[in-house]
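Per-entry structural report
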Amino acid sequence: QVQLVESGGGLVQAGGSLRLSCAHSGNIFSFNFMGWFRQRPGKQREPVATITTGGSTNYAESVKGRFTISRDNAKNTVYLQMNSLKPEDTAVYYCVVFRVGDGYSWGQGTQVTVSS
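Note that residues are indexed from 1 along each chain, following the sequence as it is written. Thresholds applied to this predicted model are a pLDDT of at least 70 for local features of residues and 80 or more for the giving and counting of side-chain atom pairs; totals over whole chains, interfaces and linings are not thresholded and use all residues. Water and hydrogen atoms were dropped before computing side-chain values, which therefore reflect all heavy atoms in the structure.

Structural notes on the sheet that holds strand β1 (residues 4-7)
Note the threshold: Here, any two strands with at least 2 DSSP bridges between them count as paired. The secondary structure listing takes helices from DSSP runs of H or I that are at least 4 residues long and strands from runs of E that are at least 2 residues long, numbered from the N terminus. Note on geometry: axes are lines fitted to C-alpha atoms, helical ones only across the stretch in contact, with angles between N-to-C directions running from 0 to 180 degrees.
Sheet architecture is open: four strands sit in the order β1-β3-β8-β7, paired in antiparallel fashion. Two strands in the sheet have a free side with no partner beyond their single neighbour: β1 and β7 (67-72). Ignoring which end each strand starts from, the neighbouring axes of this sheet average 15° apart. As paired strands, β1 and strand β3 (residues 18-24) are joined by four bridges and run antiparallel to one another. Note on β3: the bridge partner recorded for Glu 6 is Cys 22.

Some thoughts on the state of the cysteines
Applied cut-off: The disulfide criterion is simple: two cysteine sulfur atoms within 2.5 Å. Exposure categories follow from relative accessible area, calculated using a 1.4 Å probe and restricted to protein chains: below 20% of the type maximum is buried, above 50% is exposed, and the middle band is partly exposed.
Counting across every chain of the model gives one disulfide. For Cys 22, the disulfide goes to Cys 95, at an S-S distance of 2.1 Å. Here the S-S torsion is close to -80°, and the disulfide linking Cys 22 with Cys 95 is therefore left-handed. Taken together, the residues span a long stretch of sequence, with Cys 22 in strand β3 and Cys 95 in strand β9 (residues 91-99) at a distance of 73 residues. Since its relative accessible area comes to 0%, Cys 22 is described here as buried. Looking at Cys 95, the relative accessible area reads 0%, which means it is buried.

This is the structure in structure tokens:
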């Protein structure tokens with residue numbers, strides 16, 4: 001299992017920005033993809049953004065143009081830059097990696113609260 005530690009959550013006003021970080025163990029090039037999911041109150045966990053080993057990215061429609069996923073291979077860290085935040089972005093955000101043989105590994109989650 002891959003160890004993941006998230007940071008960067010907090011309280012922000014609508015229209016503001018936050019950057020989430022996810023420090024991981026292991027060799028990033030052994031992962032099939034890394035990404036961020038979120039679980040909003042009363043909802044199921046949903047994908048937000050993913051990045052493959054080759055650097056291809058995918059985003060949920062609701063965050064396209066506002067969120068950006070990136071990684072720093074030297075720091076073993078994946079980021080989620082969140083701009084123009086909306087109250088509906090309020091959720092617990094989870095870092096996730098997938099590796100064939102290990103399956104999914106999840107971080108502990110970090111709370112993001114956007115006030116109106």
